[in-house]
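Descriptive structure summary
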Amino acid sequence: KTESYFVFFYELRDDSYVGRIGNLLPLGEHINGRAGTRLFPEKIEAYRNSDYRIVQSFVEEYEDESEWGESDIENRTEQIATTAFQEVWSLNRIVA
């Protein structure tokens, strides 16, 4: 049995960023344990072992980054919100 849960992958001093969707990834317990509190490039290496497409997309997009911070979280939160609004919850796609 593999348990999945969202993990905060960046520890922040400002708690207002911690729970933002842009700072979360669904990871299994094993991968989360391997990533732990390591530096961002080491976390990316652990994330490579995930089977989740969203995690693989994250790795592809951020694999060359040396750190993860507030502006990254803000940008990713905006990306996710835009995708959700335009593609997932699009009113144009609702059929009456």
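Refer to the preceding data block for the structure.
Now for a look at the structure at hand. If you're wondering where the values come from, they're calculated on a predicted model, not measured in any experiment.

1. Regarding the layout of surface pockets
What the largest pocket holds in volume is close to 280 Å³. Forming the walls of the largest pocket are Arg 53, Ile 54, Ser 57, Phe 58, Glu 61, Tyr 62, Arg 76, Gln 79, Ile 80, Thr 83, Ala 84 and Val 88. Contributing elements (two or more residues each) for the lining of the largest pocket: α4 (53-62) and α5 (70-88). Across the lining of the largest pocket, the residue classes tally to 6 nonpolar, 3 polar and 3 charged.

2. Quick word on the packing of aromatic side chains
Under the criterion given, the structure shown has 6 aromatic pairs. An angle of 70 degrees between the planes, with centres 5.3 Å apart, marks the rings of Phe 58 and Trp 68 as edge-to-face. Here the residue Phe 58 occupies a position in helix α4, and Trp 68 occupies one in the loop between α4 and α5, the gap between them amounting to 10 residues. The same class applies to Phe 58 as to Trp 68, namely buried. Each ring, one from Tyr 62 and one from Trp 68, has its centre 4.9 Å from the other, and the planes form 90 degrees; the classification is edge-to-face.

3. Describing the pattern of salt bridges
Taken as a whole, this structure holds 2 salt bridges when the rule is applied. We note a salt bridge from Arg 48 to Glu 45, for which the minimum N-O separation is 3.1 Å. Overall, the relative accessible area of 42% leaves Glu 45 in the partly exposed class. By sharing partners, the salt bridges in this structure join Glu 45, Arg 48 and Glu 63 into a single network.

Conventions and cut-offs
Counting restarts for each chain, with residues numbered from 1 along the sequence as it is written. The model is predicted, so local features are restricted to residues of pLDDT at least 70 and side-chain atom pairs to those at 80 or more, both for listing and for counting; the totals for chains, interfaces and linings are taken over all residues. Hydrogens are left out, water is left out, and the side-chain values use all remaining heavy atoms of the structure. The method works on a 1 Å grid over the protein atoms by themselves. A cavity is a set of points holding a 1.4 Å probe that cannot get out, a pocket is an open set with protein on both sides within 12 Å along at least five of seven lines, and residues with an atom within 4 Å of a point line them. Grid points are joined across faces, edges and corners, and a volume is the space filled by probe spheres set on the points. Each helix corresponds to a stretch of at least 4 residues labelled H or I by DSSP, and each strand to a stretch of at least 2 residues labelled E; elements are numbered beginning at the N terminus. The classification used treats Ala, Val, Leu, Ile, Met, Phe, Trp, Tyr, Cys and Pro as nonpolar, Asp, Glu, Lys and Arg as charged, and all other residues, Gly among them, as polar. Pairing of aromatic rings covers Phe, Tyr and Trp, the last through its six-membered ring, and needs centres within 6.5 Å; plane angles under 30 degrees mean stacked, over 60 mean edge-to-face, and all others mean tilted. Buried, partly exposed and exposed residues are distinguished by accessible area as a fraction of the type maximum, computed with a 1.4 Å probe on protein chains only: under 20%, between the cut-offs, and over 50%, respectively. Salt bridge, as used here, is a side-chain nitrogen of Lys or Arg placed within 4 Å of a carboxyl oxygen of Asp or Glu.

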